Amino acid sequence: MNDSQFESVQHEQAAPPPVAADPVSVASTKSRNKRILIVGALVAGLFLCVVLCVVVVGTGAIKATSERNDVEQVIDEFMCAMVRKDTNAAYALFSTHAKRTASRSKLEELLQGNNFALFDGYKNAQITNMNLSTVFQTNSDLPQGIVAKVNGTITYEGGFMGRFDAILEQENKEWKLFGINITIPPEKMGD
């Protein structure tokens, strides 16, 4: 036998025999791959939910910030109109839904006697909390569409501080009052 024949024979003997696939190991590999795919899908779904929440909350916060000055201006205009005892101007700031249940005469009652202390000496109003939401209700006398629920402080002459809670709704891209509640300290009533 020459050297080339020896190498050829050695080479043939060195090749490992084919191994039959173990059915148990193939099944466990498939099962592991399936688990990896399921976990990957769950992680991807969770990530998408987090991104969606951040976008929704972030958009709402940006919108609330951009609308804050406009809402605050409506409250200021209402207070100034009431200080001037101009119920026509004050009533014009209310939404169509609010006017279905509230009358101008109710505003006039707020200007009588001790009630006028709610407006007398008004300097400014400042929103401390604002919540914007989209509301759809079956009762057409309630606020609809984009609604702002706000509260804040009112500053009066003489160092008095009051509070307000208000609901406003957007009508034709303008903020309108649906309702406002003003609270003042008892000592201001004697002023």
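Structural data are supplied above this passage.
Residues numbered from 1 in each chain as written. Predicted model: local features only at pLDDT ≥ 70, side-chain atom pairs only at ≥ 80, totals over all residues. Heavy atoms only, no water.

**Examining the overall build of the chain**
Let me state the cut-off plainly: Under the scheme used here, helices are H or I runs from DSSP no shorter than 4 residues and strands are E runs no shorter than 2 residues, and both carry numbers assigned from the N terminus. Per-residue accessibility, obtained with a 1.4 Å probe over protein chains only, is compared with the maximum for each type, and a residue is labelled buried under 20%, exposed over 50%, and partly exposed between these values. Any two residues whose heavy atoms approach within 4.5 Å are treated as being in contact. Areas reported as accessible are Shrake-Rupley estimates using a 1.4 Å probe. Residue values count occlusion only from the protein chains shown.
What the chain contains, in helices and strands, is six helices and four strands. A total of 191 residues make up the chain; the buried ones form 29% of that total. A sequence separation of at least 24 residues applies to 56% of the contacts in the chain between residues at least 6 apart. Of the roughly 12,700 Å² of accessible surface on the chain, a fraction of 58% belongs to carbon and sulfur atoms.

**Some points on unusual backbone geometry**
Even without a glycine there, the phi angle at K85 is positive, about 60°. Here K85 lies in the loop between α2 (23–83) and α3 (87–92). Positive phi values are uncommon outside glycine, yet K173 reaches one of about 65°.

**Observations regarding the sheet that holds strand β3 (residues 161–171)**
Sheet strands line up and pair through hydrogen bonds in the backbone, either parallel or antiparallel. Note the cut-off: For two strands to be treated as a pair, DSSP must find no fewer than two bridges joining them. Only the contacting stretch of a helix is used when fitting its axis, a line to C-alpha atoms as for every element, and angles between N-to-C directions run 0 to 180 degrees.
Pairing is antiparallel in the open sheet, where four strands are placed in the order β1-β2-β3-β4. With partners counted over all chains shown, the strands left at the sheet margins are β1 (122–135) and β4 (174–183), one partner each. On average, each strand axis in the sheet is inclined to that of its neighbour by 20°, with strand direction left out of account.

**A word on the environment of M79**
Checked against the element boundaries, M79 lands in helix α2. It is 9.1 Å that separates the C-alpha atoms of M79 and K123, two residues lying 44 residues apart in sequence. Leaving out residues up to four positions away in the same chain, M79 has contacts with L118, F119, Y122, I154, Y156 and I182.

**Quick notes on the nonpolar core**
To be explicit about the condition: Side-chain atoms within 4.5 Å link the members of a nonpolar core, which is a set of buried Ala, Val, Leu, Ile, Met, Phe, Trp, Tyr and Cys residues.
By size, the foremost hydrophobic cluster in this structure holds 36 residues, and its most contacted members are V71, F78, F119, V150, F164, L168 and I182. The set of elements that each furnish at least two residues to this core consists of α2, α3, β1, β2 (145–156), β3 and β4. With seven residues, the top contributor of residues to this core is α2. Ignoring anything within four residues of it in the chain, the contact list for L168 reads V71, V74, I75, I146, V147, A148, V150, W175, K176, L177 and F178.

**Let's talk about the layout of surface pockets**
Note the following rule: Throughout, the protein atoms alone are placed on a 1 Å grid, and a set of points is a cavity if a 1.4 Å probe fits but cannot get out or a pocket if it is open with protein on both sides within 12 Å along at least five of seven lines; lining residues have an atom within 4 Å of a point. Grid points are joined across faces, edges and corners, and a volume is the space filled by probe spheres set on the points. Polar here means any residue outside two lists: the nonpolar Ala, Val, Leu, Ile, Met, Phe, Trp, Tyr, Cys and Pro, and the charged Asp, Glu, Lys and Arg; Gly therefore counts as polar.
Roughly 210 Å³ of internal volume is contained in the largest pocket. Lining the largest pocket are 15 residues, and of these F78, F94, L107, L110 and I180 lie nearest its centre. Those elements giving two or more residues to the lining of the largest pocket turn out to be α5 (104–109) and β4. It is β4 that contributes the most residues to the lining of the largest pocket, five residues altogether. Partitioned by chemical class, the residues of the lining of the largest pocket number eleven nonpolar, three polar and one charged.

**Things to note about the pattern of salt bridges**
Condition: Each reported salt bridge corresponds to a side-chain nitrogen of Lys or Arg within 4 Å of a carboxyl oxygen of Asp or Glu.
Going through the model one piece at a time under the given rule, you end up with one salt bridge. When the shortest N-O distance is used, the salt bridge between R84 and D86 registers 3.9 Å.

**Things to note about the pairing of β3**
Of the pairings in the sheet, the one linking β2 to β3 comprises nine bridges and is antiparallel in character. The partner of G152 across the bridge, within β3, is F164. Where β2 folds back on β3, the antiparallel hairpin that results is connected by four residues, among which G158 adopts a positive phi of roughly 85°. One ladder, built from nine bridges, connects β3 with β4; its direction is antiparallel. Paired with Q170 across the strands is W175, a residue of β4. If you look at the hairpin formed by β3 and β4, you'll find two residues sitting between the two strands, and N172 has a positive phi there, around 50°.

**Observations regarding the side chain of H97**
Under the convention used in this document: Any pair of N or O atoms that falls within 3.5 Å is considered a polar contact. Within protein, one atom must be able to donate a hydrogen and the other to accept it, and sequence-neighbouring residues count only if both atoms are side-chain atoms.
In this structure, H97 sits in helix α4 (residues 96–99). Exposure remark for H97: the relative accessible area of 14% places this residue in the buried category. Separated by 2.9 Å, the side chains of H97 and E169 make a polar contact. Excluding residues that lie within four positions of it along the chain, H97 makes contacts with S140, D141, L142, P143, Q144, E169, E171 and F178.

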